[in-house]
Amino acid sequence: MIDLAQGYMAKYERAKTIRREFEDLYDEIFEYTLPQRQGFKNYTPGQRRDDRIFDETAVVGVQEFASRLQSGLVPNFARWADFVAGGEVPEEEQDEVNNKLDKVTEYIFEIIQTSNFAQEIHECFIDLALGTAVLAITEGDAINPIRFHSIPLPHVVLDVGPDGRIDHVYRERDLKYEDLPVAYPRGTFSEKTLEKIQKYPDSKCKILEVSCKLYDQPNVERYSYMVIEMGDKQLILQEEYSGVGSNPFVAFRWSKASGEIYGRGPAVNALSAIKSANLTIELVLENAQMAISGIYQMDDDGVINVDTINLVPGTVIPKAPNSQGLQPIRAAGNFDVANLILNDMRNNIKRALYNDMLGDPNKTPASATEVAERMADLSRKIGSAFGRLQAEMVQPVLQRVVYLLTKQGRIEIPTVNGREVKIKSVSPLAQAQSNQDIVSLDRFLEMVAGRFGPDVINLLVSSEETAIYLAKKFGVPDHLIRDVGERKQMVEMAQQMQQQTGIDPNANPNIQTLGG
């Protein structure tokens, strides 16, 4: 056990060496955008570190970026994803499977919305502005079945596997000895550790949690989870988890350079503008102080004592006869040029953090069309990052939730592997992309009806299939749509009623289209 603990501690130190290459970059971003959050160096709890910030555009912008991304990707109290039947489910069974999955989806999001997911994912999105975020998803109790915890970047070290994906997550924690049995109830403690728990309960020890992917069984997703007491190099806990969603850590990145492990977020792109705006405001304030207090010169005549001069209203300063006394020195020039570049820098910061919204939302309430257009504009701008977040954050989070709820016996769902059941995002950002398909279809129908008449539309387009297609694009819950059997019964009933009234059903083209 000691050899295993020492081996993974050595791997941790090697992975930590790679992270040190990013620490200076991240610390500089922490200094200018997140001064109150823990950095990698020189941090003490409660320490104030905003004394070097003169322009708050980036500080406010990062918070707005996190809130804007959360409202667009995983909005609070909303259903931002669906579980639907995949391609391997037979077509005749898809409606029934989708109806069952719709009820499961409702329950899953009920659990998510009553948990602390909204608070913790917001903290993750703040870290994502730097480039990398880590979310721990663990089993809860009977009241809160699932618990989410955002892990700050200074507390986590990542490593990648042969496929370039993150497969090792190291988390370093400081825990009191008396908290060890509570934090790890299934752990096995050495006699030395048990003695420290009894004698020094308030003393702290360093704990290393390790989650690594196992590659010994192809096509099987397995992870090894270990807890190591770093002081004595003792292995407290070792467990193996199998199945999609069994990894307790979800690490996701905004974007990354080829060959790198850690991501680079929008704050990295805006760092130059952030520093320029901050320096400009600092120089403006220095120039303002110079304009208020000024610089003076005088004749050294032995009468005026500079140590007793106070430049306040009503002060009488004596001077020798025929001497000039205090004379202000004119500044070399004013600093009005700052306004020429400051607005550009601030706009660049907002643009880099995707906060340059259309229009001014403070003047008049935005209409539904304007809100949709803003979300579509954001979707176009973060298209590449949106795809990465879907693969590294949205799907793993839901897979983990499904894994835990299935383990607890709360739900029954087919394996979420992208085949039998797939996860479909219906967040506002995903909906903005679907709106383009809706607009294209609407323009097509309008153009055909305008040029060739409505009869051609009924002949060319199946109204039933078109309505189902639009329902999917709009994200309408599947249980609100009648399945194939119910639709056939409705058509048969309509035909029977028309026959009883003496109306030829073939004379109504709409019934022909509805019946397929």
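A few points on the structure. (Residues numbered from 1 in each chain as written. Predicted model: local features only at pLDDT ≥ 70, side-chain atom pairs only at ≥ 80, totals over all residues. Heavy atoms only, no water.)

## Details of the environment of Glu-221
The test is simple: A helix here means a DSSP run of H or I that spans at least four residues, while a strand means a run of E at least two residues long, and both kinds are numbered starting from the N terminus. Residues count as neighbours in contact if any of their non-hydrogen atoms are within 4.5 Å of one another.
Along the polypeptide, Glu-221 turns up in the loop between β6 (204-214) and β7 (222-229). Sequence spacing of Glu-221 and Val-244 is 23 residues, and the spatial spacing of their C-alpha atoms is 6.1 Å. Leaving out residues up to four positions away in the same chain, Glu-221 has contacts with Tyr-241, Ser-242, Gly-243, Val-244, Gly-245 and Ser-246.

## Examining the packing of helix α12 (residues 428-452) against helix α14 (residues 463-474)
Convention followed: Working convention: axes come from line fits to C-alpha atoms, limited for helices to the stretch in contact. Angles between N-to-C directions cover 0 to 180 degrees. Here the angle decides the label: under 35 degrees means roughly parallel, over 145 means roughly antiparallel, 65 to 115 means roughly perpendicular, and every other value means oblique. Handedness of a helix crossing follows the sense of rotation of the near helix relative to the far helix, less than a right angle counterclockwise being left-handed and clockwise being right-handed. Amino acids outside the nonpolar list (Ala, Val, Leu, Ile, Met, Phe, Trp, Tyr, Cys, Pro) and the charged list (Asp, Glu, Lys, Arg) are all regarded as polar, and Gly is one of them.
Where α12 contacts α14, the two axes come as close as 9 Å, and the packing angle between them is 155 degrees. Taken as axis vectors, α12 and α14 run roughly antiparallel relative to one another. Remark: the crossing between α12 and α14 carries left-handed chirality. When α12 is examined against α14, the residues Gln-431, Ser-434, Asp-437, Ile-438, Leu-441 and Leu-445 are found in contact with a partner set consisting of Thr-466, Tyr-469, Leu-470, Lys-473 and Phe-474. Tallied by class, residues from the contact of α12 with α14 come to six nonpolar, three polar and two charged.

## Looking at the side chain of Ser-224
Cut-off, in case you're wondering: Note on exposure labels: buried denotes an accessible area under 20% of the residue type's maximum, exposed denotes more than 50%, and partly exposed covers the range between, all computed with a 1.4 Å probe on protein chains only.
Residue position: Ser-224 is located in strand β7. The exposure class of Ser-224 is buried, given its relative accessible area of 4%. Here Ser-224 is in contact with Val-210, Ser-211, Cys-212, Leu-214, Gln-238 and Glu-239, once residues within four sequence places are set aside.

## Here's the deal with unusual backbone geometry
We note that Phe-77 has phi near 55 degrees; this positive angle belongs to a residue other than glycine. Structurally, Phe-77 can be placed in the loop between α2 (57-73) and β1 (81-85). At Asn-219, a position not held by glycine, the phi torsion is positive, near 65 degrees. In this structure, Asn-219 sits in the loop between β6 and β7. Residue class for Asn-219 comes out exposed when judged on its relative accessible area of 85%.

## Focus on the packing of aromatic side chains
What counts, and what does not: For Phe, Tyr and Trp, where Trp contributes only its six-membered ring, two rings pair if their centres lie within 6.5 Å, and the inter-plane angle classes them as stacked under 30 degrees, edge-to-face over 60, or tilted in between. By definition, being over a ring means that NZ of Lys or CZ of Arg is both within 6 Å of the ring centre and within 35 degrees of the ring normal.
Tallied over the entire structure, the rule returns twelve aromatic pairs. Relative to Phe-40, the ring of Tyr-26 has its centre 6.2 Å away and its plane inclined at 20 degrees; by these criteria the two rings are stacked. With a gap of 14 residues between them, Tyr-26 in helix α1 (residues 2-33) and Phe-40 in the loop between α1 and α2 connect regions that are remote in the sequence. The same class applies to Tyr-26 and to Phe-40, which are both buried. Ring pairing ties together the aromatic residues Phe-22, Tyr-26, Phe-30, Phe-40 and Tyr-262, which thus form one cluster. Here the basic side chain of Lys-11 rests over the ring of Tyr-8, its NZ or CZ set 4.8 Å away from the ring centre.

## So, the sheet that holds β7
So the rule is basically this: Whether two strands pair comes down to DSSP finding at least two bridges between them.
Taking strand neighbours across the sheet as the criterion, the five strands line up as β4-β5-β6-β7-β8 in an open arrangement whose pairing is antiparallel. The open sheet has two edge strands, β4 (156-160) and β8 (234-242), and neither has a second partner. Neighbour-to-neighbour, the strand axes of this sheet turn through a mean angle of 15 degrees, independent of strand direction. Pairing analysis gives nine bridges linking strand β5 (residues 166-176) to β6, with the strands arranged antiparallel.

## Here's the deal with the pairing of β5
Among the eleven residues of β5, eight are classified as buried, and the element is accordingly described as predominantly covered. Here β4 runs beside β5; their pairing, made up of five bridges, is antiparallel. Paired with Val-156 across the bridge in β5 is Arg-171. Linkage of β4 to β5, two consecutive antiparallel strands, is achieved through a turn of five residues, within which Gly-164 is found at a positive phi near 80 degrees.

## Regarding the pattern of salt bridges
Definition in use: Note on definitions: salt bridges are taken to be side-chain nitrogens of Lys or Arg within 4 Å of carboxyl oxygens of Asp or Glu.
Enumeration over the complete set of coordinates arrives at 25 salt bridges. With a shortest N-O distance of 2.6 Å, Arg-79 and Asp-102 are connected by a salt bridge. Within this pair, whereas Arg-79 is found in the loop between α2 and β1, its partner Asp-102 is found in helix α3 (residues 91-113), the two being separated by 23 residues in sequence. According to the relative accessible area criterion, Asp-102 is buried, its value standing at 4%. The partner of Glu-240 in a salt bridge is Arg-222, and the shortest N-O contact between them spans 2.4 Å. Within this pair, whereas Glu-240 is found in strand β8, its partner Arg-222 is found in strand β7, the two being separated by 18 residues in sequence. When salt bridges that share partners are traced, they join Lys-16, Glu-172, Asp-174 and Lys-206 into one network.

## Here's the deal with α12
Put simply, the rule is: What a helix is expected to span follows from its residue count: subtract one and scale by 1.5 Å.
Taking 1.5 Å per residue, 25 residues should reach 36 Å; α12 reaches 35 Å between its end C-alpha atoms and fits that length. Listed as buried for α12 are Leu-429, Ala-430, Gln-431, Ala-432, Ser-434, Ile-438, Leu-441 and Val-448. The first or second residue beyond α12 is Gly-453, which carries a positive phi of 95 degrees.

## Thoughts on a negative patch on the surface
Our working definition: Patches here are clusters of residues that have more than 30% relative accessible area and form no salt bridge, with a 9 Å joining cutoff for like charges and a 5 Å cutoff for nonpolar side chains (Val, Leu, Ile, Met, Phe, Trp, Tyr). Method for areas: the Shrake-Rupley scheme with a 1.4 Å probe, in which residue coverage is limited to the protein chains shown. Counted as positive: Lys and Arg. Counted as negative: Asp and Glu, with His and the chain ends omitted from the count. Charged groups are reduced to one reference atom each: NZ for lysine, CZ for arginine, CG for aspartic acid, CD for glutamic acid.
Together, Glu-91, Glu-92, Glu-93 and Glu-465 make up a region of like negative charge exposed at the surface. With three residues, α3 is the largest single contributor of residues to the negative patch. Tracing the chain through its elements places Glu-91 in helix α3.

## Things to note about the sheet that holds strand β2 (residues 132-139)
With antiparallel pairing, three strands are arranged side by side in an open sheet as β3-β2-β9. Strands with a single pairing partner mark the edges of an open sheet, and in this sheet they are β3 (146-151) and β9 (249-253). Averaged over all pairs of adjacent strands, the angle between their axes in this sheet comes to 20 degrees, without regard to strand direction. Where β2 lies against β9, five bridges are found, and the strand directions are antiparallel. Its bridge partner lying in β9, Leu-135 is registered against Val-250. Sheet strands touched by helix α4 (residues 117-128): β2, β3 and β9. Its angle to β2, the strand with the most contacts, is close to 155 degrees.

Any functional reading would require information that these geometric values do not contain.
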